[in-house]
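Fold and contact review
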Amino acid sequence: MDNHGLKFLRRFVLSRIRSVIVVAVCLYGGGQTHAAGSAKSSPDAGLKPILQYISSAWDTLTRSMTDCQSIVDPKIKASPVLYLPANFEAPAAVEKLSTDCNVRIEHLPIEIHHLGEIDTSKIQPHGLLYLEHKYVVPGGRFNEMYGWDSYFIIRGLLREGRIELARGMVDNFFFEIEHYGAMLNANRTYYLTRSQPPFLSSMLVDVYDAIEKGGHSDTAWLAKAYADLEKDYAMWTREPHLAGQTGLSRYYDFGQGPPAEAVQDESGFYRKVATYFLLHPSEADDYVVESNPRKTQPTAGASYWLEVCDVSHTMAQPECEKKREFKLSSDYYTGDRSMRESGFDVSFRFGPFGSATHHYAPDCLNSLLYKTEKDMEQISKWLGHGPDAERWAKRAEERKRLITRYLWNGERGFFTDLNFQTRQKSSYEYATMFYPLWAGLATPEQAKAVVGHLKGFEQPGGLPMSTEDSGAQWDLPYGWGNVEMLAVDGLRRYGYNADADRVSYEFLSMVAENFRRDGNIREKYNVVTRSSEARVELGYQMNVVGFGWTNAAFIELLHGLPKEMVERLEREQNQPLSTASQ
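Quick caveat, the model's predicted, so the values are computed rather than measured.

Description of the packing of helix H18 (residues 481-493) against helix H20 (residues 548-560)
- At a closest axis distance of 8 Å, the pairing of H18 and H20 adopts a crossing angle of 25 degrees. Accordingly, the angle class assigned to the pair H18 and H20 is roughly parallel. In this structure, the crossing between H18 and H20 has a hand that is left-handed. Of the residues in H20, those touching H18 at Gly 481, Asn 482, Glu 484, Met 485, Val 488 and Arg 492 are Trp 549, Ala 552, Ala 553, Glu 556, Leu 557 and Gly 560.
- Per-class residue counts for the contact of H18 with H20 are six nonpolar, three polar and three charged.

What about the state of the cysteines?
- Here the structure, examined in full by the defined rule, presents two disulfides.
- Cys 68 shares a disulfide with Cys 101; S-S distance 1.8 Å. Across the S-S bond linking Cys 68 and Cys 101, the dihedral sits near -75 degrees, which makes this disulfide left-handed. Taken as a pair, Cys 68 in the loop between strand S1 (62-63) and strand S2 (81-84) and Cys 101 in helix H4 (residues 92-101) lie far apart in primary sequence, 33 residues in all.
- Cys 68 gets classed as partly exposed once you look at its relative accessible area, which sits at 36%.

Observations regarding the sheet that holds strand S8 (residues 324-329)
- The three strands are arranged S6-S8-S7 in an open sheet whose pairing can be described as antiparallel. At either end of the open sheet lies a strand with only one pairing partner, and these are strand S6 (288-290) and strand S7 (299-306). With strand direction ignored, the average angle separating the axes of adjacent strands in the sheet is 35 degrees.
- Pairing between S6 and S8: three bridges, direction antiparallel. If you follow Glu 290 over to S8, its bridge partner there is Phe 326.
- Against the sheet, helix H10 (residues 269-279) engages S6, S7 and S8, with an angle of about 105 degrees to S8.
- Those strands touched by helix H12 (residues 330-342) are S7 and S8, and its axis lies near 45 degrees from that of S8.

A look at the nonpolar core
- Counting 176 residues, the largest nonpolar core has Phe 199, Leu 204 and Tyr 332 as the members making the most contacts within it.
- Beyond its immediate chain neighbours, meaning those up to four positions away, Phe 199 contacts Trp 148, Tyr 151, Phe 152, Leu 368, Tyr 435, Trp 438 and Leu 486.

Basis of the calculations
- Residues numbered from 1 in each chain as written.
- Predicted model: local features only at pLDDT ≥ 70, side-chain atom pairs only at ≥ 80, totals over all residues.
- Heavy atoms only, no water.
- Axes fitted to C-alpha atoms, helices over the stretch in contact; angles between N-to-C directions.
- Helix = DSSP H or I, 4+ residues; strand = E, 2+ residues; numbered from the N terminus.
- Parallel < 35°, antiparallel > 145°, perpendicular 65-115°, else oblique.
- Left-handed = near helix turned anticlockwise from the far one by under 90°.
- Contact = heavy atoms within 4.5 Å.
- Nonpolar A, V, L, I, M, F, W, Y, C, P; charged D, E, K, R; others polar.
- Disulfide = S-S within 2.5 Å.
- Buried < 20%, exposed > 50% of the residue type's maximum accessible area, 1.4 Å probe, protein only.
- Pairing = 2+ DSSP bridges.
- Core = buried A, V, L, I, M, F, W, Y, C linked by side-chain atoms within 4.5 Å.

Here you go:
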């Protein structure tokens, strides 16, 4: 990565957005912030205010098809519409919603069996996709049920005994698979082209474990789950989700051109992308295409002008070259959309702005698919299907072998991503190197080598996503509760409890300190400065309040700490904030 070029880009971008005030938008936050602020006034409150905030958040973040608030979409400026599957009879609750909330009720034009079957640009206006059960949203601009967010949210719900709500969310994903073709990025019509990292089997196994511990067993539900999970798994193991001839899988969005939510909600993002590629032609990889009738390379999205002028230091009019029009290529937008399926939007991990995401076999996705195969082996055993269990075990072992062959960098000692077009392993150090530890596929020797990279990653507030400061929110200096959870789980799985305790404490104390300051829990944190102030240059420029997976991370990481460290954290919360931090 050209650090000089990145610094130039940041200065260029910041000079144009200096007047923008970054604000966190929260649909529900006013009352909750007030309650948290009141609770923290007690000098001996310790962790009670933040735990009360999290406990009440599960209800304030819950949505259903009987709630007017569920239909609102902060990302799209359009009158609310609720879409039902084709040939699906509208339940009475939906009819009531239409009356009470002045919401249009429509049916999708066709039955959907798989992603990419419907052209989402022809669904106008975009709207919410119907789900049968209540669900918990992340918060703020994310006012729908998300794919990978829900895994972490469900862990938080189970930790607090909210089993029925957690089970309902799992059932909603099965409804998506049966009626919308896959576990979706989220239940909006513009997400009918892509999924998200496949955590669904992990959700199912965790919920089923909780049900069994409660003294119940539901093999009929488990059998239904098995069929839906197998269908969703199959999407990742056939074209176009195959990573070339490697036998591994990749992220891939079936849509074309810029995604609707990004165009309307991420102001100027693609203009910044075009600017970067113009200033860094060696990294552009034909993503910038000049408008020319003789050009055959497909393009998409908005047009941009390039005009080169002399710099004038007087009142004289500067002389300029003729304006030239250009667009970003269709292949760039395929990479951009696929990056969004990965959940890591935006990072420079798969090339600048994630532009080459669809050219990579990623360590995260393939670790998740290994975990899915192991989960399916376990579900088969629960159902008494021995031959199926053996088949899934063999698939898992084969994927483990391929991950070691293609995604293990023995010289550097970490798991990485493979550009399957160039056959080059990425040198980008990314926090997903801990996924194979979480999934249990790493050997003890590999785990030890990965843990050796903690020193290079670790910051005062925990683990950032990468060691590269690209200006994007899924790179340095930002840390995210969901990945902190996975990394800590992986460390504990291989016996590195002291490291897990230390990283957990760093993250927990940072979140709690910022909560004491403003009474909120955020989507992401600057783990270098231990601050919730996120000045993201690339992507959406807010730090959302809520926040589903950070809430879950807090109570899960806290639960894993030894008693003396919890008590230390309690004492820390009773200390007054320093003047500098207020």
